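Structure at a glance
Take a look at the letters that make up each chain.
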Amino acid sequence: MTVSDPVPLVSALDAIYSPAGVLKNGKRWDDLASQFKALFGGATPDFIARAPGRVNLIGEHIDYVGFSVFPAAIEKDILMATKVTYAASAGAQADGVEVVLKNTTPRFKETRFTSRYQDTNSVALLNEGDERWANYFKVAFKGLHPHLPSHILADTNDRRPSRIEVLVDGTIPPESSLSSSAAMTTCSSIVVLEAFGARQLIDRKEMAEVAIESERLVGVNSGGMDQSASIFSIPNHALFISFYPTLAVQPIQLPPSEPDHVFVIANTLVVSDKKVTGPVNYNLRVVETRMAARALAKYLGLSEAKADGCKTLRGVQEAYFAHADIQTEAANSAEVAETLERYGAEAARLKIMELKVEAAFASKREGLTRQEVEAATGYAGPEFEQEFLSSFPIRADTFALYARSKHVFTEALRVLVFQSLCSSTSSLSADKGASVYTSLGSLMDGSQASLRDLYNCSCPELDEVISIAKANGALGSRLTGAGWGGCTVHLVPKPKVQSFIQAIRTGYYAKKFPDLTEEQLQDACFDTQPAGGACVYKV
Ligand code: NG1
Ligand code: MG
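Residues numbered from 1 in each chain as written. Chains lettered and ligands numbered in written order. Predicted model: local features only at pLDDT ≥ 70, side-chain atom pairs only at ≥ 80, totals over all residues. Heavy atoms only, no water.

Notes on the nonpolar core
Quick note on the threshold: Joining through side-chain atoms within 4.5 Å is the link that ties buried Ala, Val, Leu, Ile, Met, Phe, Trp, Tyr and Cys residues into a set, and such a set is a nonpolar core. The classification of residues rests on relative accessible area computed with a 1.4 Å probe and restricted to protein chains. Under 20% of the type maximum is buried, over 50% is exposed, and intermediate values are partly exposed. Any two residues whose heavy atoms approach within 4.5 Å are treated as being in contact.
In this structure, Phe70, Met80, Phe137, Phe196, Val316, Leu401 and Phe418 are the most contacted members of the largest nonpolar core, which totals 137 residues. Not counting chain neighbours up to four residues away, the residues in contact with Met80 comprise Phe47, Ile48, Ala49, Phe137, Val166, Leu167, Val168, Met184, Cys187, Ser188 and Val191. Counting residues in each nonpolar core, the second largest holds 17 residues, with Val264, Val492, Ile501 and Tyr508 among its members.

Some points on the packing of aromatic side chains
Two measures describe an aromatic ring pair: the distance that separates the ring centres and the angle between the ring planes. So the rule is basically this: Within 6.5 Å between ring centres, the rings of Phe, Tyr and Trp (the latter by its six-membered ring) count as paired, and their orientation is classed by plane angle as stacked under 30 degrees, edge-to-face over 60, tilted in between. Where helices and strands are cited, they refer to DSSP runs of H or I of at least four residues and of E of at least two residues respectively, numbered from the N terminus. When the NZ atom of lysine or the CZ atom of arginine is within 6 Å of a ring's centre and also within 35 degrees of its normal, the charge is said to sit over that ring.
Tallied over the entire structure, the rule returns 15 aromatic pairs. Taking the centre distance of 6.0 Å and the plane angle of 50 degrees together, the rings of Phe108 and Trp133 count as tilted. Residue Phe108 is found in the loop between strand E3 (96-103) and strand E4 (111-116), and its partner Trp133 is found in the loop between E4 and helix H2 (135-144); the two are separated by 25 residues along the sequence. Within the aromatic cluster, the residues linked to one another by ring pairs are Phe113, Phe137, Phe141 and Phe196. Its guanidinium or amino end placed over the ring of Phe526, Lys76 lies 4.6 Å from that ring's centre, counting from NZ or CZ.

Here we look at the UniProt feature "domain: Galactokinase N-terminal" (unreviewed entry) in the chain
This is how it is decided: UniProt positions are given in the numbering used here, feature names are shortened, and annotations may be inferred rather than shown by experiment.
Following the UniProt record, one finds the feature "domain: Galactokinase N-terminal" (unreviewed entry) at residues 35-82. The straight-line gap between the two end C-alpha atoms of residues 35-82 is 12 Å; of that span, 10% is helix and 52% is strand.

Here's the deal with the site of ligand 1
So the rule is basically this: Summary of the distance rule: residues count as near a molecule or strand when at least one heavy atom falls within 4 Å of that molecule or strand. In the analysis that follows, any N or O atom pair within 3.5 Å is treated as a polar contact, provided that within protein one partner can donate a hydrogen and the other can accept it, and provided that, for residues neighboring in sequence, both atoms belong to side chains. Accessible areas in this description were obtained via Shrake-Rupley with a 1.4 Å probe; residue shielding takes into account the shown protein chains only.
As a matter of local geometry, ligand 1 sits amid 18 residues, with Arg54, Glu60, Asp63, Lys274 and Tyr282 nearest to it. Within the backbone of His61, one N or O atom sits 2.7 Å away from an oxygen atom of ligand 1. The separation between an oxygen atom of ligand 1 and a polar side-chain atom of Tyr282 is 2.6 Å. For ligand 1, the accessible surface in isolation is 440 Å², of which the surrounding protein chains cover 97%.

Quick look at the environment of Phe321
Along the chain, the position of Phe321 falls in helix H9 (residues 313-321). For Phe321, a relative accessible area of 14% puts it in the buried group. Separated by 142 residues in sequence, Phe321 and Ser179 have C-alpha atoms that sit 34 Å apart. For Phe321, the contacting residues outside a window of four places in its chain are Ile326, Arg349, Ile352 and Met353.

Description of the sheet that holds strand E11 (residues 476-479)
Heads up, the rule is: Strand pairing is assigned whenever DSSP detects at least two bridges linking the two strands. Angles run from 0 to 180 degrees between N-to-C directions of axes, and those axes are lines fitted to C-alpha atoms, restricted for helices to the stretch in contact.
Reading across the sheet, the 4 strands line up as E11-E12-E8-E13 and stay open at both edges, with antiparallel pairing between neighbours. Each edge of the sheet is formed by a strand with only one pairing partner; in this case those strands are E11 and strand E13 (525-528). On average, each strand axis in the sheet is tilted by 25 degrees relative to the strand beside it, whichever way the strands run. Direction of pairing for E11 relative to strand E12 (residues 487-493): antiparallel, over a ladder of 4 bridges.

Some points on the packing of helix H8 (residues 282-299) against helix H15 (residues 401-424)
Threshold: For this classification, under 35 degrees means roughly parallel, over 145 means roughly antiparallel, 65 to 115 means roughly perpendicular, and everything else is oblique. In this classification, Asp, Glu, Lys and Arg are treated as charged, Ala, Val, Leu, Ile, Met, Phe, Trp, Tyr, Cys and Pro as nonpolar, and every other residue, Gly included, as polar.
Between H8 and H15, whose axes approach to 9 Å, the crossing angle comes to 90 degrees. Taken together, the axes of H8 and H15 are roughly perpendicular relative to one another. Two secondary-structure elements touch here, H8 through Arg285, Glu288, Thr289, Met291, Ala292, Ala295 and Leu296 and H15 through Leu401, Arg404, Ser405, Val408 and Phe409. Looking at the contact of H8 with H15, its residues break down into 7 nonpolar, 2 polar and 3 charged.

Focus on the pairing of strand E5 (residues 161-170)
Here E5 lies mainly inside the structure; 8 of its 10 residues are buried. Inspection of the sheet shows strand E2 (residues 70-86) paired to E5 by 9 bridges, in the antiparallel sense. When the sheet's bridge partners are listed, Thr85 is paired in E5 with Arg163. As paired elements, E3 and E5 share 6 bridges and run parallel to each other. Bridge assignment links Val99 to a residue of E5, and that residue is Ile164.

As structure tokens, this is what we get:
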């Protein structure tokens, strides 16, 4: 079978679905189609959906705050070989659809669920067990259901699917911060749209927005970086993704156009499952940034401090600059003036907010107790519970508002500078390109220091891999994704890649995981080229 690559367009909705060119790994697709046949009684899949994982190059833990991030899709992905049976052809008058999900990874057990056409109430999520992986498909289905064409759901001619059979094959290591979860949600969304004949009705932006919203049902209060990266990416480009005032993406080629530096991913192989640890790490961080936003808004004396607009640190920044004047602030601060001159107004705003954070939490650099947060935010008692504790369970004695908000504003600024370095230098000579890479590397190092010291989401294994990387030629090294385990990303000059990977193998894997096979090692540490985004291939 010859399979083909999607056309790299960003906004046209056909783009996800129009194949052109030849995909590298045809064998994997052939194998998947034959496995499908073997597992589903000799049937051939109608199509294969694909959604990639991503590596975030810079901009960590700021998507849910409303600031822009800079990831790229990777080659590792989720494939879903799918066969759809329509009620009429099955000779039955169905009132709902049965979905059968199998996985090529044995520990993810076969599961099936049924849903009526008119509502998805009977589709229940599982909190534990080896069928839980199917939750991602279920939430995608539940989220998209209101968007499915009503004439099909109520179809008297029976073009409604009565059965959707799916074989899932994933190469993204789960719970390793390369976004296997969002790839599952995204890939499932494509399957549902395709099966219900709805792909012309919903564009990528809407699909991303629905996927972002749906995935939260799985129990993580996540931002929108991962689903957006999986849906919008195009080969050889990173994606500058903005969330404010609305979701927008800008593909950016990494400089110079003929890459002499590459990104290497190294997995610590320490698994971090946010669905389990969320109350003390990821979901808690989201709440801490929300508390910091309310506290900062109150400190700044914003009249709308308690309005929805000031729920996030980004919102507070917008509210503040609705009245404040950057020039005046620049006149009072050399740091602000310099940032304004070098990087422009948006960067200066972030610098100003960083200074406001310093002032607002001057007497409280360490964590605040609940009582102190109540005083700082003006939310107390039931109002406090409702505002901060009602959406996802969290567990903490103190809340590190200074450290979290300082990370957010400084990281958002690093993203802007990183993006502007990439955009302005794509046509530079190799010489100049080299110094640009040095600057990109320092921004990545700055990000890591902030994640480790202010956001406290690194861990000893991440720190160890990063220190080996820095001693062996990486220009920049950081954790990628949520942290607390999972993967690291490194910017490495091309000629050094082999020795770099070897150094990580001997310095880290040989000591911590001496039993890994060659195949597992290749899977754990590899160089990556930005890959294309979600698509569907007709077999
Ligand atoms: P990972 O680690 O890939 O699950 C998570 C969030 C992102 C973002 C990053 C931190 C999910 C689905 N994704 O990514 O939205 O907040 O952490 O930058 O939870
Ligand atoms: Mg994830």
